[in-house]
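# Fold and contact review
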Amino acid sequence: MSFDLVVNVLIAGTLTGLVYGLMALGLSVIFGVVRVVNFAHGEMMTVAMYAATVLFAMLGLDPFVVALPVAAAFFVFGYVLQAGLINPFITRPEHSQFMLLVAVAIVMVNSLLMVFGPDARNVQVDYQLDSFEIGKILVDKARLYAAAAAVLTAGGLFLFFKHSKAGKAIRACADNYLGAKVVGLNVKKYYALTFGLGCVCVAIAGCAMVLLVDVTPPLGPAYTLLAFVIVIVGGLGSMGGALLGGVLIGVSEALAGLFIAPSAKSMFSFGLLIVVLLFRPQGLLGKR
Amino acid sequence: MKRRQFTQALAAAAVATGFPGLVKAQAQKLKVGIILPRSGYLGFIGQSCQKGADLAPGVIKEMLGVDIELMNADFESNVDTARTRAERLIQEGANVLVGPFDSGAASAIAQVAEQRGVPFVINIAAAPLITEQGYKFVFRNFQTAGDIVRNGLALIGELFQATSTVPRTAVFMHVNDTFGQAMAKGIGAFMPRLTQLPFKIVDTISYDPAAKDLTVEVSKAKASNADFLLLVCRLNDAIILRREMVKQRWNPMGIVSPGSPGMYEEQYFKTLGKLSEHSISNVPWYNPKGRLTQVVEKAFLKQNPKDKLVFHGLNAGFTFEAILIAADAYKRARSTDAKTLADAIRQTNISEKMMLGGPIKFNEKGQVEGIGSACVQNLNLLPTVVLPTGAATAKPVFPVPGYKKA
Amino acid sequence: MTKASAALALLAALLIALPAFAGNYLLSVATLILYFAYTGQAWNVMMGFAGQLSLGHALYVGVGGYTAGAIFYHWGIGPWAGLWVAMALCVALGVIIGFLAFRFGISGVYFALLTIAFAEFTRIGFDHLDWTGGPGGLFLKVAQRDTWDVANFRGPPLMYYYTILFLTAAALAFCAVLLRSKAGYYWQAIRENEEAAQALGINTFRWKMLAVAISSAMTSISGVFYAFYYNNLFPEQVFNIGRSIEIILGPVIGGVGTLFGPILGAVVLTVLSDTLTELLAALGWEIPGIKQVFYGAVLLAVVMFLPNGIWPAVAKRLRL
């Protein structure tokens, strides 16, 4: 087991982990504030990925470029979804929320199947299979760019929540629902705004992910599960937590795959989830 | 359901009142229940198999003068549904069942077929145990995982001989699912016996079929410094692996599959373009030079003008042959009675066939022995038969251009 | 009450007599419906009665099935003995999960995720377990299917139908008794407001654990039935999260916490699924995926407009 091999695997694991974190970012925001169990999270990302492939096929634009319009569209979609469909469910029991979003997910996946068919779709950009070479270390370009997008998005969100008026209002709603209402905040509007923001993250994640993975209609559920694991491990409502959780999962899976058995590497993610749930349920960077 | 019951009642009434015309028409057709996964995660494979079924009635009418009626059912890639759909088809009068591509579904349907005493001809399913249950009504015209491996390894030997290469080491990567595990076991069993193969397996890496990221696996494989990659895969992971090999700049002598789907499928070419070139799969295949193949290809192109048979060769070919077996038995049995049909199927001996290998003959377990494999290499963006020489339409290329000794 | 008992008696008579006038297809569908009704009922004990959302219930089905199946496969010991081992194992698992969760104060969504994690962990574990066949699957030898071999649980589909019918009826009766017992009242208290229940002196930990134990025990029986009915098990299919979701669809649509909810839900969903397939085939709209879109839309509608499930609404209408 050479040193180069371990370093390469660690770097790849970290970058992949950051991309996972980007994907989980949206869920962290939504779950952390609105407290809705969005089991259609992965499916939403799948829709974003399809959007990126369609725009690429029609206009030949790089996914990072189309991320902006797709994100804008997703913001509107998220806002409307929350205000229209999900809002009455916030106070309903979890199994109802779960069932609602499972139904939404079923409709989404199969609509995609009907429209696009079962074949995989992707984008083909020049740098997709390229790597930066530093001695014996190879860094996958596409993954590096996606990881950069993750950090930028997380940073942007962090600044938004910390410094902007809307951001602070949203944090207030998350911390104390009753208090926020008493103070006169339009909680319903802020919830919708948050859901919209969460969907923006999902859109950016999808546009980044499409460079790494081909998209098929049933892609969603695995990512939904992974997003939940990362959010729990990293901590609800914490931007850094989502990225940290992602990196933890990415690196632990990479190391498990390297030293033990690649086919069992998912076991470690779930094992990690169980351990975190038991001993630090608020996650590594979350607040109780 | 109500409508069907109505027509059935009508037919019954016709028989009762002695309308000879209607009755005769019923008895002259063989009703073949085609049960495939046309939706769900196996959807695109099921649809591929369906193409083979759709062209069958026309071709078989010309070949054997037999009338077939297809009854299509979609089991939605779900084992529970496979069982109920099989029951449904039998209840609606299917004389024989054909399908289902998936081993789990095959097992469920086999039990229904055995219970109801209706013959079931399996088009594709590799789990060996299906024909080890002592069933009397289940027949399989496909290689078991063991056969696939044995033939695949033998063809690898032929490949090296034909190209005068002597690779010393191989790294074996395989997908960790039903199929992959059966293949891995087979390789473990057969490799020591095939002493004429010049290479040793220096590392075995099994990976999760659902994994979207195979960086670690490829890194390990590259670090093994093996001469070539021996791969048992499925379509999606094959694509991910190929891409990862490019990203990590790993260029072994070649990628050779001793028998698995993936690298010869249309998606592989469409997604990878030039990168798909030269991958090799040793799989059961059709004889490109055979007479029946030409007939089937013509019928295929008529029904699917924008498609190519070569991308559906395995799926459509075996599905067609399964229906052919049923029709041939029906012609000899001259009856649609289930037991008679089953007995007739057991006596099958078809030498003019589409897929490579010896004549279609079932052994006492209902399994066809001697189904051949071909060495299929991706050349010019098409899966091309390069071995055995008798069926080849091109010469094999090994090691692949771009091979860099690590 | 008498109106309800009369309706129940009529339903029972109908189900017992079903094989006489239904074809093989309907029988297989009925068996499937009853299977989901029974398993849903088992899940309902944990969720509807004790308020703990388990999204990894396929774990118990899988462990139960594999245990009894492996015992039969390796040592030829019939399911009646294997059943007890399976149940013991599942109860132990349930107790471990329950203990971990309740001791550490995990509830709601977190509990649900914990159950998913355990199910997935076990799925991958079984994928690597050679003793039960690994990913290649466990195939039980199907010796005969003509006579009713009750000892080895082998026989014609009719036998399986009556077995699952009996199991469902027994589960219904058992749950009815449970609901009216002390346990039932304590569970209701815990479900409504756990803190208040604790303040009243109820040992909520013990009663929640009881619910988990009962639920996992009942579900393990479901697994044993599944193993001997289908005669093969693959980790991918059995422990799949899709399976866990299938299990809860019935009770949630029918009515969580009610007695008839799971059964009604199972019936409605299977009939819906089949009807949609027929309808779409008749209309000629055979686009892959279209059926599931309608199915999902119906689920959505039910969840939105009948938040407590179909049964409470139906019961009110029929004044049962």
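Residues numbered from 1 in each chain as written. Chains lettered and ligands numbered in written order. Predicted model: local features only at pLDDT ≥ 70, side-chain atom pairs only at ≥ 80, totals over all residues.

## Quick look at the interface of chain C and chain B
Chain C puts 26 residues into the contact, and the matching count from chain B is 26 residues. Considering every element that reaches the side of chain C that touches chain B, the biggest residue donor is helix H2 (residues 24–49) of chain C, with five residues. Residue classes in the side of chain C that touches chain B are distributed as eleven nonpolar, ten polar and five charged. (Contact = placed C-beta atoms within 7 Å. Helix = DSSP H or I, 4+ residues; strand = E, 2+ residues; numbered from the N terminus. Nonpolar A, V, L, I, M, F, W, Y, C, P; charged D, E, K, R; others polar.)

## Concerning the sheet that holds strand S8 (residues 228–232) of chain B
Residues and elements named next belong to chain B. Taking strand neighbours across the sheet as the criterion, the seven strands line up as S7-S6-S8-S9-S10-S11-S12 in an open arrangement whose pairing is mixed. Of all strands in the sheet, those bounded by a partner on one side alone are strand S7 (200–207) and strand S12 (382–387). With direction set aside, neighbouring strand axes in the sheet form an average angle of 30°. Relative to strand S10 (residues 280–284), strand S9 (residues 255–257) is paired through two bridges, and the arrangement is parallel. By the bridge assignment for S10, Ser257 is matched with Ser281. Across the sheet, helix H8 (residues 215–223) lies against strand S6 (169–175), S7 and S8, angled at about 175° from S7, the strand it touches most. (Pairing = 2+ DSSP bridges. Axes fitted to C-alpha atoms, helices over the stretch in contact; angles between N-to-C directions.)

## Focus: the domain arrangement of chain B
Residues and elements named next belong to chain B. Here chain B is described as being made up of domain 1 (18–144 + 289–371) and domain 2 (146–285 + 374–387). Spacing between the C-alpha centres of domain 1 and domain 2 amounts to 30 Å. Contact with domain 1, which involves 14 residues of that partner, is made by 15 residues of domain 2. Grouping the constituent residues of the side of domain 1 that touches domain 2 by class yields ten nonpolar, four polar and no charged. (Domains from an automatic or database assignment.)

## Re the nonpolar core
In this structure, A:Ala48, B:Ile109, B:Ile323 and B:Ala326 are the most contacted members of the largest nonpolar core, which totals 341 residues. Mapping this core onto the domain boundaries places at least three of its residues in each of domain 1 (18–144 + 289–371) and domain 2 (146–285 + 374–387) of chain B. The residues touching B:Ile323, leaving out its near neighbours within four places in the chain, are B:Val32, B:Ala53, B:Ala56, B:Ile60, B:Ile68 and B:Val98. (Core = buried A, V, L, I, M, F, W, Y, C linked by C-beta atoms within 7 Å. Buried ≥ 20, exposed ≤ 12 C-beta atoms within 10 Å, placed from the backbone.)

## Looking at the environment of C:Leu158
Within the secondary structure layout, C:Leu158 lies in helix H6 (residues 157–180). Here the alpha-carbon distance between C:Leu158 and C:Ala315, two residues 157 residues apart in the chain, equals 31 Å.

## Thoughts on the sheet that holds strand S2 (residues 67–74) of chain B
Residue and element names in this part refer to chain B. Taken in spatial order, the five strands of this open sheet run S2-S1-S3-S4-S5, and their pairing is parallel. Pairing within the sheet leaves two strands with one partner each, and these edge strands are S2 and strand S5 (138–140). In this sheet, adjacent strand axes meet at a mean angle of 25° when their direction is disregarded. One ladder, built from three bridges, connects strand S3 (residues 96–99) with strand S4 (residues 120–122); its direction is parallel. Among the inter-strand pairings, Gly99 is bridged to a residue of S4, identified as Ile122. Against the sheet, helix H3 (residues 43–64) engages strand S1 (29–36) and S2, with an angle of about 165° to S2. Helix H4 (residues 79–91) rests against S1, S2 and S3 of the sheet, and its axis sits at about 170° to S1.

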